[in-house]
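One letter stands for each residue in the lines below.
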Amino acid sequence: MRYVRILLPIVVLAVGTALWELVVRLNNIPPYVLPGPMAVFSTLVSDWPVLSQSLLTTLLTTLEGFCAAAVGGVGLALLFNQSKWLEYSLFPYAVILQVTPVIAIAPLLLIYLPQQTAVIVCAWIVGFFPVLSNTTLGLNSVDRNLAGLFQLYGASRMQTLRLLKLPSALPYILGGLRIAGGLSLIGAVVAEIAAGTAGAGSGLAYRIAESGYRLNIPRMFAALLLLSVAGIVIYGLLALISHLVLRRWHESALGKEN
Amino acid sequence: MAEASSDIDGATSGLAVSTRGVTKAYDNGVMALGPLDLDVRKGEFVALLGPSGCGKSTALRLIAGLAAPTSGTVEVSHHEGETQLGPRPGLRIGFVFQEPTLMPWTSVRENVRLPLKLAHAPAAEADARVDEALARVGLTEFADSYPRQLSGGMKMRVSLARALVTDPDILLMDEPFAALDEITRFRLNNDLLALWRNLRKTVIFVTHSVFESVYLAQRVLVMTERPGRIGAEIKIEAPEPRGEEFRTSAEYAHFCREVSAALAPSYSGQSAL
């Protein structure tokens, strides 16, 4: 059963790719309309110096945005948890920031901030909210009796936070980070696209936009492929970290037989 | 109503817990408890018995200081002897909840160590105390296990060890064995009695089981329906040490009948729901 779950998607991928190649070849579709997977792959190899450089740029932006989202989300949630006043004052604006489409904010940010900063801020805006809301949920899900126990033993605020609230919230925080990882990539791409024609950027999204103007469709596909792979790897890494951290005790990381 | 404590007032060598006119109202104004007048002598094992919702858990939380009474006073005796762990109230009181209430993310040892850690006890002393507490409940070899790896009864033992680790004067137990199967419950009842005989802590044990209250306690206080008061007091004068033979004795059955009869008025005119 385990092998089937791995095997089936691979079969689907192989069949899909083969069909795609077949359609392109049988109909003699030119590569500037639709390149076959072989053409995409060979572009990936031949353009690797350019694409890898762009990949690195985008990944770096994503990482910076993700770190900012993680620190900002967890930090804000902790502040909100310590002070209801602060939560009531600021939470609505966190929601507003979240529900306003980032693609619409990006051009504004690009006006007021240096490009690199603007891109990171975009990644942060889309990434921080799931971390914030998940962490808040986690901090509020502390076992009531355990909280009573900490109170009984005269625990300080810091002790309660460090020994009770943060560990209780950890599974939620990690869930938020997993979402934030993918979203940071999206934020980075959106900002790069918005900044695209401005020139200086050399991220993958910029390559996609640039290749579009030049009708270099195979390179668009190659860059898109790299973005997908990057997203999958980010998600996989975060899921792995989450599993490693929680495997000793949390239901989500335990085998079914337990 | 007569004060439940009327006949121990004179004979006290010291009270561990004393409440006077304690009431607790919910936010919506409904009275949950009281007025409650309760005296528990040092070293005594008292059971608070009552139907669910009569406020017996609330009474325990008030004594522990986890909630403040709406009116009345709660007095808890001070620690005798040296208090190297400081004057925190929690170190005089151990609390065992209905659920084991363990931290799932850390080992049994760390769970038991928690009260000492919160009190900033020196590591060497804490280690020794944790080992001792685990030995008392027979869990030495499970010190490094995680709570999820233990059975319900073992988790409860961990919870008990954690309550004992600060060497409290008073042990408050809120239906600690209610969720366990009967076999495990009987065994833990015996273990608890053995611990009490050895340590002579003051124990206030909340339960809704007539049989458990009679088996364990020196004194059973029967509480009425909400708002909970002490409706009757029954002394269980049975020879020590109690064991399985007491559980099957005619004497035991007699006490159970007496306690059940005292409990009956509190159900009058109401369905169990």
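Residues numbered from 1 in each chain as written. Chains lettered and ligands numbered in written order. Predicted model: local features only at pLDDT ≥ 70, side-chain atom pairs only at ≥ 80, totals over all residues.

1. Quick notes on the overall build of chain A
Okay, step 1: Across its full length, chain A carries 10 helices and zero strands.
Okay, step 2: Taken from N to C terminus, the helices and strands of chain A fall in the order α-α-α-α-α-α-α-α-α-α.
Okay, step 3: Along the three orthogonal principal directions, the C-alpha set of chain A runs to about 75 × 55 × 30 Å.
Okay, step 4: Evaluated residue by residue, chain A yields a buried proportion of 38% over its 258 residues.
Okay, step 5: Long-range pairs, those at least 24 residues apart, make up 76% of the contacts in chain A with a sequence separation of at least 6. (Helix = DSSP H or I, 4+ residues; strand = E, 2+ residues; numbered from the N terminus. Buried ≥ 20, exposed ≤ 12 C-beta atoms within 10 Å, placed from the backbone. Contact = placed C-beta atoms within 7 Å.)

2. Observations concerning the domain arrangement of chain B
All names here are of chain B.
Okay, step 1: Taken domain by domain, chain B comprises domain 1 (1-77 + 172-268) and domain 2 (104-168).
Okay, step 2: On a C-alpha basis, the centroid separation for the pair domain 1 and domain 2 is 26 Å.
Okay, step 3: Listed as interface residues are eight residues of domain 1 and, on the opposing side, five residues of domain 2.
Okay, step 4: Residue composition of the side of domain 1 that touches domain 2, grouped by class: six nonpolar, one polar and one charged. (Domains from an automatic or database assignment. Nonpolar A, V, L, I, M, F, W, Y, C, P; charged D, E, K, R; others polar.)

3. Structural notes on the nonpolar core
Okay, step 1: Ranked by size, the top nonpolar core spans 81 residues in total, and within it Val46(B), Leu49(B), Ala161(B), Leu172(B), Ile204(B), Phe205(B) and Val220(B) carry the most contacts.
Okay, step 2: In terms of residue count, helix H4 (residues 152-164) of chain B provides more of this core than any other element does, six residues in total.
Okay, step 3: Each of two domains, domain 1 (1-77 + 172-268) and domain 2 (104-168) of chain B, supplies a minimum of three residues to this core.
Okay, step 4: With residues near it in sequence (within four places) discarded, Ala161(B) still touches Val112(B), Ala133(B), Leu134(B), Arg136(B), Val137(B) and Leu139(B).
Okay, step 5: With 55 residues, the next largest nonpolar core counts Ala123(A), Ala188(A), Val190(A) and Leu226(A) among its residues. (Core = buried A, V, L, I, M, F, W, Y, C linked by C-beta atoms within 7 Å.)

4. Details of the interface of chain A and chain B
Okay, step 1: Listed per partner, the contact involves 15 residues of chain A and 18 residues of chain B.
Okay, step 2: Secondary structure elements with two or more residues in the side of chain A that touches chain B: helix H7 (144-152) and helix H8 (157-195) of chain A.
Okay, step 3: When residues in the side of chain A that touches chain B are grouped by element, the largest group, seven residues, is from H7(A).
Okay, step 4: In terms of residue class, the side of chain A that touches chain B is made up of eight nonpolar, five polar and two charged.

5. Section: the pairing of strand S7 (residues 202-207) of chain B
Residue and element names in this part refer to chain B.
Okay, step 1: Judged by how many residues are buried, S7 sits mostly within the fold: six of six residues are covered.
Okay, step 2: Neither face of S7 is exposed, since Thr-202, Ile-204 and Val-206 on one face and Val-203, Phe-205 and Thr-207 on the opposite face are all buried.
Okay, step 3: The pairing of strand S3 (residues 45-49) with S7 spans five bridges and is parallel. Residue pairing across strands places Phe-45 opposite Val-203, the latter belonging to S7.
Okay, step 4: Where strand S6 (residues 170-174) meets S7, five bridges bridge the pair, whose relative direction is parallel. Of the residues in S7, the one forming a bridge with Leu-171 is Val-203.
Okay, step 5: You can see the chain leave S6, run along helix H5 (residues 182-199) and come back into S7, and the turn it takes is right-handed. (Pairing = 2+ DSSP bridges. Right-handed = clockwise from strand over helix to strand, strands pointing away.)

6. Observations concerning the sheet that holds S7(B)
Consider a sheet: its strands pair through backbone hydrogen bonds, and that pairing is either parallel or antiparallel.
Residue and element names in this part refer to chain B.
Okay, step 1: Strand order in the open sheet formed by six strands is S5-S6-S7-S3-S8-S9, with mixed pairing between adjacent strands. Across the chains shown, the open sheet's two edge strands, defined by having one partner strand only, are strand S5 (93-96) and strand S9 (230-235). Within this sheet the neighbouring strands show an average axis-to-axis angle of 15°, counted without direction.
Okay, step 2: Sheet topology places S5 next to S6; four bridges connect them, and they run parallel. Bridge pairing in S6 places Ile-93 opposite Ile-170. (Axes fitted to C-alpha atoms, helices over the stretch in contact; angles between N-to-C directions.)

7. What about the packing of helix H3 (residues 48-82) of chain A against H8(A)?
Each packed pair of helices is defined by two parameters, the angle between the axes and the distance between the axes.
Residue and element names in this part refer to chain A.
Okay, step 1: Running from amino to carboxyl end, H3 crosses H8 at an angle of 135°, the nearest separation of the two axes being 8 Å. Put simply, H3 runs oblique to H8. The handedness of the crossing between H3 and H8 is right-handed. Residue-level inspection shows Thr-58, Thr-61, Thr-62, Gly-65, Phe-66, Ala-69, Ala-70, Gly-73 and Val-74 of H3 in contact with H8, the latter providing Ile-173, Gly-176, Leu-177, Ala-180, Gly-181, Ser-184, Leu-185, Gly-187, Ala-188 and Glu-192.
Okay, step 2: Of the residues assigned to the contact of H3 with H8, the class counts are nine nonpolar, nine polar and one charged. (Parallel < 35°, antiparallel > 145°, perpendicular 65-115°, else oblique. Left-handed = near helix turned anticlockwise from the far one by under 90°.)

8. Considering the confidence of the model for chain B
When pLDDT drops low, the exact placement of atoms in the prediction is not to be read closely.
Residue and element names in this part refer to chain B.
Okay, step 1: Across chain B, pLDDT averages 82, with 87% of residues at or above 70.
Okay, step 2: Segment residues 1-13: pLDDT under 50, and 15 contacts once partners within four positions in sequence are set aside and those in other chains are kept.
Okay, step 3: Within the model, pLDDT remains below 50 along residues 269-273, and this stretch shows one contact once partners closer than five positions in the same chain are excluded.
Okay, step 4: This complex was scored by the predictor with a pTM of 0.82 and an ipTM of 0.83. (pLDDT = per-residue confidence, 0-100.)

9. Describing unusual backbone geometry
Residues and elements named next belong to chain B.
Okay, step 1: The phi torsion at Thr-101 lies on the positive side, around 55°, for a residue other than glycine.
Okay, step 2: For Thr-101, the position within the fold is in the loop between S5 and helix H2 (108-118).
Okay, step 3: At Arg-200, a residue that is not glycine, the phi angle is positive and equals roughly 55°.
Okay, step 4: Secondary-structure assignment places Arg-200 in the loop between H5 and S7.

10. With respect to the sheet that holds strand S2 (residues 31-41) of chain B
Residues and elements named next belong to chain B.
Okay, step 1: Spatially, S2-S1-S4 is the arrangement adopted by the three strands of the open sheet, whose pairing is antiparallel. A strand with exactly one partner marks an edge of an open sheet, and here the two such strands are S2 and strand S4 (71-76). Strand-to-strand twist across the sheet, computed as the mean angle between neighbouring axes with direction ignored, equals 15°.
Okay, step 2: The pairing of strand S1 (residues 15-25) with S4 spans five bridges and is classified as antiparallel. Within S4, the residue paired with Arg-20 across the bridge is Thr-73.

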